[in-house]
Amino acid sequence: MDNKFTIRQAKTSDLDRCFEIERTAYAGEEAATKDKILCRIEGYPEGFIILENDVEIIGFVNSGATHHVQLSDESFKELIGHDATGEHIVVMSVVVHPDYQGQGYADQLLSAFIKQMKGLNKLDIYLICQTELIHLYAKHGFIHLGESNSSHGGLSWHEMSLLL
């Protein structure tokens, strides 16, 4: 893995590259729209971190904060119900461009994101993921809560959480 990378908060100027990564890495309706990504960058920059090398952005994590976690609530993906003072974090995307997958970058992003949320004194982090990614999150201390009621993108999902 290349050691020349930076992790930072997203800026609106990152929108096009983040959208490109989102639609390249996720299938069909699973990917967030450009408007949703912009909403997340502007609405909760503390919960949107980017990993870049010396050439380009290679991945990111974005989230929202809430006082009441409802993982199957699709409107939360547009930050409806988001409150920056919320003690719970809900992750919406952990994504690495396909050209960089399998090189440990998702682990770097997750570690930095967890550290950032601890620094913001959040209590826990929640997410939904596909079956094949359960082990990735488990490596970072997330516990599997079971199958989700979410049918986001027409797929089945698993709920996971991490106590900070």
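Residues numbered from 1 in each chain as written. Predicted model: local features only at pLDDT ≥ 70, side-chain atom pairs only at ≥ 80, totals over all residues. Heavy atoms only, no water.

Some words on the overall build of the protein chain
Scanning the protein chain from terminus to terminus reveals four helices and seven strands. Along the protein chain, helices and strands appear, N-terminal first, in the series β-α-α-β-β-β-α-β-α-β-β. Rg of the C-alpha trace for the protein chain: 14 Å, near the compact-globule value of 15 Å for 164 residues, within the 12% margin. For the protein chain, the spread of C-alpha atoms along the principal axes amounts to about 40 × 30 × 30 Å. Here the protein chain, with 164 residues, has 49% of them falling under the buried criterion. In the protein chain, the share of contacts with a sequence separation of at least 24, taken over all contacts with a separation of at least 6, comes to 65%. For the protein chain, the computed accessible surface area is about 8000 Å², with 48% contributed by carbon and sulfur atoms. Here the protein chain holds 13 positive side-chain charges and 24 negative ones, and the gap between their average locations is 6 Å. (Helix = DSSP H or I, 4+ residues; strand = E, 2+ residues; numbered from the N terminus. Rg over C-alpha atoms; globule rule 2.2 N^0.38 Å. Buried < 20%, exposed > 50% of the residue type's maximum accessible area, 1.4 Å probe, protein only. Contact = heavy atoms within 4.5 Å. Areas by Shrake-Rupley, 256 points an atom, 1.4 Å probe, with all protein chains shown as cover. Lys, Arg positive; Asp, Glu negative; His and termini not counted. Charge placed at Lys NZ, Arg CZ, Asp CG, Glu CD.)

Looking at the packing of aromatic side chains
For the structure shown, the criterion picks out three aromatic pairs. With a centroid separation of 5.3 Å and an interplanar angle of 25°, the aromatic rings of Phe48 and Phe60 are classed as stacked. Remark: Phe60 occurs in strand 3 (residues 57-66) and Phe48 occurs in strand 2 (residues 48-53); sequence separation between them is 12 residues. In this structure Phe48 comes out as buried when scored by relative accessible area, which is 0%. (Phe/Tyr/Trp six-rings, centres within 6.5 Å; stacked < 30°, edge-to-face > 60°.)

Some details on the nonpolar core
Among the nonpolar cores identified, the biggest contains 35 residues, and Phe113, Ile125, Tyr137 and Phe142 are the most heavily contacted of them. Those elements that provide at least two residues to this core are strand 2, strand 3, strand 4 (88-96), helix 3 (105-119), strand 5 (124-129), helix 4 (134-139) and strand 7 (158-163). Take this core: its biggest share by element is seven residues, from helix 3. In this view, Tyr137 contacts Val94, Leu110, Leu127, Cys129, Phe142 and Met160; residues no more than four positions away in its chain are not counted. (Core = buried A, V, L, I, M, F, W, Y, C linked by side-chain atoms within 4.5 Å.)

Quick notes on the pattern of salt bridges
Under the criterion given, the structure shown has six salt bridges. With a shortest N-O distance of 2.8 Å, Arg8 and Asp14 are connected by a salt bridge. For Asp14, a relative accessible area of 6% translates into the label buried. Glu20 serves as the salt-bridge partner of Arg17, at 3.1 Å between the closest nitrogen and oxygen. Of this pair, Arg17 and Glu20 both sit in helix 1 (residues 15-25), three residues apart, roughly one helical turn. Under the relative-accessibility criterion, Glu20 is labelled partly exposed at 31%. What you see here is one network of salt bridges that share partners, running through Arg8, Asp14 and Glu52. (Salt bridge = Lys/Arg side-chain N within 4 Å of Asp/Glu carboxyl O.)

Let's talk about the layout of surface pockets
Its volume calculated, the largest pocket comes out at about 660 Å³. At the level of secondary structure, the elements contributing two or more residues to the lining of the largest pocket comprise helix 1, helix 2 (34-43), strand 4, helix 3, strand 5 and helix 4. Looking at the lining of the largest pocket element by element, the count peaks at six residues for strand 4. (1 Å grid on protein atoms, 1.4 Å probe; cavity = no way out; pocket = protein on both sides within 12 Å on 5 of 7 lines; lining within 4 Å. Points joined across faces, edges and corners; volume = space filled by probe spheres on them.)

Side note on helix 2
Along helix 2, the residues classified as buried are Ile37, Arg40 and Ile41. Down the axis, helix 2 shows its buried residues gathered within 100° of arc, on one side only. Among the exposed residues of helix 2, those pointing more than 90 degrees away from its buried face are Asp35 and Glu42. Residues of helix 2 that are buried in the fold lie against helix 1, strand 2, strand 3 and strand 4. (Arc of directions from axis to C-beta.)

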